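Read off the chains here:
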Amino acid sequence: MSNFDEMDAFDGASVPLSQRAMSARPMPYLDGLNPAQREAVETLNGPVLMLAGAGTGKTKALTTRIVHLMNASKARPNEILAVTFTNKAAREMKNRVGGMLGQSIEGMPWLGTFHSICVKLLRRHAELVGLKSNFTILDTDDQIRLLKQLLRAESIDDKRWPARMLAGFIDGWKNRALTPDKVPSADAGAYNNRGTEFYEMYQKRLLELNAVDFGDLLLHVVTIFQTHDDILNQYQRWFRYILVDEYQDTNVAQYLWLRLLAGGHKNICCVGDDDQSIYGWRGAEVGNILRFEKDFPGAKVVRLEQNYRSTPHILAAASNVIAGNEGRLGKDLWTASEEGEKVRLIGHWDGEEEARWIGEELEAMQGGARGMRPISLDDMAILVRASHQMRAFEDRFLTIGLPYRVIGGPRFYERMEIRDAMAYFRVVTSPDDDLAFERIVNTPKRGLGDKAQQKIQMAARENGVSLLEGARIIVDTKGIGGKGGTELGKLVDGIARWSALTRGPLMANVIDDDAVLDDGPTFTQPEYGPPEMGHVELAQVILDESGYTAHWQNDKTPEGPGRLENLKELVKALEQFENLQGFLEHVSLIMDNEQEKDEPKVSIMTLHGAKGLEFPAVFLPGWEDGLFPSQRSMDESGLKGLEEERRLAYVGITRAEELCTISFAANRMVFGQWQNALPSRFIDELPEDHVDVLTPPGLYGGSYGAAGMGMGGGSGRSDLEQRVQDANVYNSPGWKRLQARKDQRPMGQPSEAKNITIDMTAVSSFSIGERVFHQKFGYGAVIGIEGDKLEIEFEKAGIKKVVSRFVAAADAADDIPF
DNA sequence: TCTATGTCGATTTTT
DNA sequence: TCGACATAGA
């Protein structure tokens, strides 16, 4: 039996004596909690559902609960399983628990994301599902490429039946914990009736490659638990307490995983908010949280309803909108904070004007508008439904020189050059990684095209070895002649050389005893001696000697310098790891990129990306039916889809602390066509008493006067019903006429007459004709100067007006060092 | 084998 | 409109 019950079970390294002494005394960390939070923290045994509304201090309750568990000697740190969805959340929890304990905690090996914990479990038991413990983890991109290969081999027309679609089905099944043999007959028609067939082939291929995709991490572990009682039992006993963050976002596989693990003692505490479930399209089941009390009989439900984030007006607006959803668990958020400003609502002529207005608002608020305190750009955010809406803001902010940061765009580790570089590292650390080899074999161009690569494939298959080995055979037998042959030889030799440099000799197998009961088996991990060359230096050598660095140095596209910059950053990031393997392991699971925080910038992100964040001032543009709620969501998922959109609206509004501004435009350029739209139906759901309707600046006095539009000169109508009527006017003949007039406006001409003031202090140092470089638009020539604004004819992007501080002289950009 | 042109299609994306 | 991707020519 284990030594759970002895106090001595706490080893000195993870819980210091001072902590142990504390457990006998009152618990000061409980003092800062409100009654509900306190109840959630103190109900340690049995199932607990913590329903935590937006901004109600859920992380605080969760972390305090962990501290309390340890402090009350209920469990050792390594017997607590705490699961999150994002690495960010895991990191934050770790930091906060560490902070409360007054030291960093090394002893919580089981605090992490579903995926990272599954990797750990799967490495131990890999052989039970036909894998080796050093399996590689494929990301979405690898997954699609693999599927494309499969489909090509079956001569499937990937126009009609895209690999992406198949990947969607497979992910869907994996989310529901369905192995190929368990896919229900109702899904038999998927992917032209061949979905399950390909699913099976794909799984087989993954095993051959000793690889798993994200879905497999969960699925394999669930399979192991379901088929090996002894192993499940061991973990059930080991994890004495289980905590789950964002429970509303769990999918079926994750739900099963949790149920299996909690099946013994049932000490499971799930935290979530059904109103913030916005990942249904990714397989999340709101039903999991709605059903909690049935799944775990005797569950205690604690509601956290005191909101510490937003003003009453903002809360009221959010609550009113979300009230439109059926079947909620229901919460009444309240706050003790003072009134503040009402939620502001404003309609615009078009998306361009919306962006312009928001830009002006941002600038005004920086300086402290309407008697409000000045707000830093860091404290303001623009939250959009779909990422393509971001462009309008980027364009606008670029021209007025307003610093912004886009959060969530193409992530660092998803960029081409980073993925290429990592593929090199992968081949070097695990020579069997065929996908990585394939990626780099002709990158940079080595004269190895389809034919050459097929030869390598053949050689590998005939000899039953990896592609790298196959390539070596080709080289030895001179199977490929000319330039390609020589280059391949160089590459194969290079990989062998770099490989030899990655690790020192095998020193020992170290026993890993987290979650190993005394009567259970043991697990070991190899440990290597020091390598001859530091891994950071090695990485640089690999990139240089392979010709990859040179490839981008010779690149003439505007992206070239940026890509070199990214590679430099990648090498720098390596410093935080012990070796290349450790880095790759980390990266395959951690795809988030920390943005540098230099000068204050306004954040632009999607509503999804904003979950869990908060800002004093929030702008919610694009509230138009079809865009938000998204037409596609409603078409595909009907009422369910609409309700998820509504929850998205709820998430958006509740991100705001002090000021929330919702806006919509009557006209918007969609795929190069002008489209007009009605204001979002969610606007009708905003409570009048808590909303100020602002009058669009363009509607009076401006070049598109209110005359003839029945808008009555825009005298303060704060009555929402009136506004909705007004909004409908946007579809009236009068507006249509205006729209037509606007469309005739010559391209590039500003839609308002504006006096250009030349600020002599900011006159640019550029001259007409000078070649310049711009981060976003690339290279171009200056063709006009107005104060600090330059008119530039870009080679790729056409003519744009840009603030000079965003532009560098071209030769300066040319020698970005690497 | 590499580079230029055309066609198609287009949310949200924690890992 | 813009970008990704596929096919056609050099």
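Residues numbered from 1 in each chain as written. Chains lettered and ligands numbered in written order. Predicted model: local features only at pLDDT ≥ 70, side-chain atom pairs only at ≥ 80, totals over all residues. Heavy atoms only, no water.

Going by the annotation in an unreviewed UniProt entry, the name recorded for chain A is DNA 3'-5' helicase, with Planktotalea frisia given as the source organism. In its Function (unreviewed entry) section, the UniProt entry covering chain A states "Has both ATPase and helicase activities. Unwinds DNA duplexes with 3' to 5' polarity with respect to the bound strand and initiates unwinding most effectively when a single-stranded region is present. Involved in the post-incision events of nucleotide excision repair and methyl-directed mismatch repair." Heading Sequence similarities (unreviewed entry) of the UniProt record for chain A holds this comment: "Belongs to the helicase family. UvrD subfamily." (UniProt positions renumbered as here; feature names shortened; annotations may be inferred.)

**Considerations on the overall build of chain A**
Each helix and strand counted, chain A has 31 helices and 23 strands in total. Across the 818 residues that make up chain A, the buried fraction comes to 52%. Of the contacts made within chain A by residues no fewer than 6 positions apart, 75% connect residues no fewer than 24 positions apart. As displayed, chain A offers around 37000 Å² of accessible surface, 50% of which is attributable to carbon and sulfur atoms. (Helix = DSSP H or I, 4+ residues; strand = E, 2+ residues; numbered from the N terminus. Buried < 20%, exposed > 50% of the residue type's maximum accessible area, 1.4 Å probe, protein only. Contact = heavy atoms within 4.5 Å. Areas by Shrake-Rupley, 256 points an atom, 1.4 Å probe, with all protein chains shown as cover.)

**Focus: the protein's contact with DNA strand C**
Close contacts around DNA strand C come from Arg391, Phe671 and Gly672, and that covers them all. Per the 4 Å cut-off to the protein, sugar and phosphate atoms form 30% of the nearby atoms of DNA strand C. A distance of 3.5 Å separates a base nitrogen of DNA strand C from a polar backbone atom of Phe671. (Near = heavy atom within 4 Å. Polar contact = N/O pair within 3.5 Å; in protein donor to acceptor, adjacent residues only side chain to side chain.)

**Quick word on the environment of Leu151**
By secondary structure assignment, the location of Leu151 is in helix 6 (residues 140-153). Expressed as a C-alpha distance, the spacing of Leu151 and Pro162, which sit eleven residues apart in the sequence, is 9.0 Å. Not counting chain neighbours up to four residues away, the residues in contact with Leu151 comprise Ile156, Trp161, Ala163, Leu166, Tyr191 and Phe198.

**Thoughts on the side chain of Asp139**
The residue Asp139 is located in the loop between strand 4 (136-138) and helix 6 in this model. Of note is the side chain of Asp139, whose polar atom sits 2.4 Å from the side chain of Arg419.

**Things to note about the protein's contact with DNA strand B**
Around DNA strand B sit 28 residues, and of these Arg282, Arg385, Ser387, Arg411 and Ser630 come closest. A breakdown of the atoms of DNA strand B within 4 Å of the protein gives sugar and phosphate a share of 51%. At 2.3 Å from a phosphate oxygen of DNA strand B is found a side-chain nitrogen or oxygen belonging to Ser387. At 2.5 Å from a phosphate oxygen of DNA strand B is found a side-chain nitrogen or oxygen belonging to Thr606. When residues of the surface near DNA strand B are traced back to their parent elements, those giving at least two are helix 19 (450-463) and helix 27 (631-654). It is helix 27 that provides the largest number of residues to the surface near DNA strand B, a total of four residues. For the surface near DNA strand B, a count of residues per class yields seven nonpolar, eleven polar and ten charged. (Nonpolar A, V, L, I, M, F, W, Y, C, P; charged D, E, K, R; others polar.)

**Overview of the packing of aromatic side chains**
Taken as a whole and judged by the stated rule, the model has 20 aromatic pairs. When the centroid spacing of 6.0 Å and the interplanar angle of 55° are considered together, the rings of Phe225 and Tyr235 count as tilted. Here the residue Phe225 occupies a position in helix 9 (residues 214-227), and Tyr235 occupies one in helix 10 (residues 229-238), the gap between them amounting to ten residues. Classification of Phe225 by relative accessible area gives buried; the value is 2%. For Tyr235, a relative accessible area of 0% puts it in the buried group. (Phe/Tyr/Trp six-rings, centres within 6.5 Å; stacked < 30°, edge-to-face > 60°.)

**Considerations on the confidence of the model for chain A**
Low-pLDDT portions of the prediction should not be read for the details of their coordinates. This prediction gives chain A a mean pLDDT of 80; 82% of its residues lie at or above 70. Within chain A, helix 30 (residues 733-743) has the poorest average pLDDT of any element, 36, and strand 6 (residues 241-244) the best, 96. Segment residues 700-764 is flagged for pLDDT under 50; beyond a separation of four residues in sequence, or across chains, it makes 88 contacts in the model. (pLDDT = per-residue confidence, 0-100.)

**What to know about the UniProt feature "binding site: ATP" (unreviewed entry) in chain A**
The UniProt record annotates "binding site: ATP" (unreviewed entry) at Ala52, Gly53, Ala54, Gly55, Thr56, Gly57, Lys58 and Thr59. For Ala54, the position within the fold is in the loop between strand 1 (48-52) and helix 3 (58-71). On the basis of relative accessibility, which here comes to 3%, the residue Ala54 falls in the buried class. In this view, Ala54 contacts Asp273, Gln276, Asn307, Arg309, Leu333, Tyr650, Thr654 and Arg655; residues no more than four positions away in its chain are not counted. With respect to the helices and strands, the residue Thr59 is situated in helix 3. For Thr59, a relative accessible area of 21% gives the class partly exposed. Aside from chain neighbours lying at most four places away, what touches Thr59 is Glu92 and Arg96.

**Regarding the nonpolar core**
Judged by nonpolar contacts, the single largest core of 74 residues is most densely connected at Phe225 and Trp257. Both domain 1 (26-133 + 243-307) and domain 3 (414-551) contribute no fewer than three residues apiece to this core. By size, the runner-up hydrophobic cluster in this structure holds 49 residues, among which are Val428, Leu467, Tyr548 and Phe577. (Core = buried A, V, L, I, M, F, W, Y, C linked by side-chain atoms within 4.5 Å. Domains from an automatic or database assignment.)

**Points about helix 5 (residues 114-125)**
With twelve residues, helix 5 should cover 16 Å at 1.5 Å per step; its first-to-last C-alpha distance of 16 Å lies within 8% of that length. Looking only at helix 5, the buried set comprises Phe114, Ile117, Cys118, Val119, Leu121, Leu122, Arg124 and His125. (Expected span 1.5 Å × (residues − 1).)

**Some remarks on the side chain of Thr56**
Mapping Thr56 onto the fold places it in the loop between strand 1 and helix 3. Excluding residues within four positions of it along the chain, Thr56 makes contact with Gln37, Leu304, Glu305, Gln306, Asn307, Tyr308 and Leu333.

**Description of the sheet that holds strand 7 (residues 268-272)**
With parallel pairing, the six strands of this open sheet are ordered in space as 3-2-6-7-1-8. Strands with a single pairing partner mark the edges of an open sheet, and in this sheet they are strand 3 (111-113) and strand 8 (300-304). This sheet shows a mean twist of 15° between the axes of neighbouring strands, independent of strand direction. Of the pairings in the sheet, the one linking strand 1 to strand 8 comprises five bridges and is parallel in character. Looking at strand 8, one finds that Leu51 is bridged to Arg303. Those strands touched by helix 3 are strand 1, strand 2 (80-84), strand 6, strand 7 and strand 8, and its axis lies near 170° from that of strand 6. In this fold helix 5 packs onto strand 2, strand 3 and strand 6, with an angle of close to 105° to the strand it touches most, strand 3. (Pairing = 2+ DSSP bridges. Axes fitted to C-alpha atoms, helices over the stretch in contact; angles between N-to-C directions.)

**Some words on helix 21 (residues 482-502)**
Compared with the 30 Å implied by 1.5 Å per residue over 21 residues, the 31 Å span of helix 21 between its first and last C-alpha is a close match. Taken residue by residue, helix 21 has Gly484, Gly485, Leu488, Gly489, Leu491, Val492, Gly494, Ile495, Trp498, Ser499, Leu501 and Thr502 as its buried positions. Where helix 21 is buried, its residues meet helix 17 (416-429), helix 18 (434-441), helix 19, helix 20 (467-476), helix 22 (535-545) and helix 25 (580-589).

**Points about the pattern of salt bridges**
Inspection of the entire model under this criterion finds 44 salt bridges. The closest approach of N and O atoms between Arg205 and Glu208, which form a salt bridge, is 2.9 Å. Placement of the pair is Arg205 and Glu208 together in helix 8 (residues 195-208), with a separation of three residues, close to one helical turn. Across the pair Arg291 and Asp295 runs a salt bridge whose closest N-O atoms are separated by 3.3 Å. When its relative accessible area of 31% is taken as the criterion, Arg291 is described as partly exposed. (Salt bridge = Lys/Arg side-chain N within 4 Å of Asp/Glu carboxyl O.)

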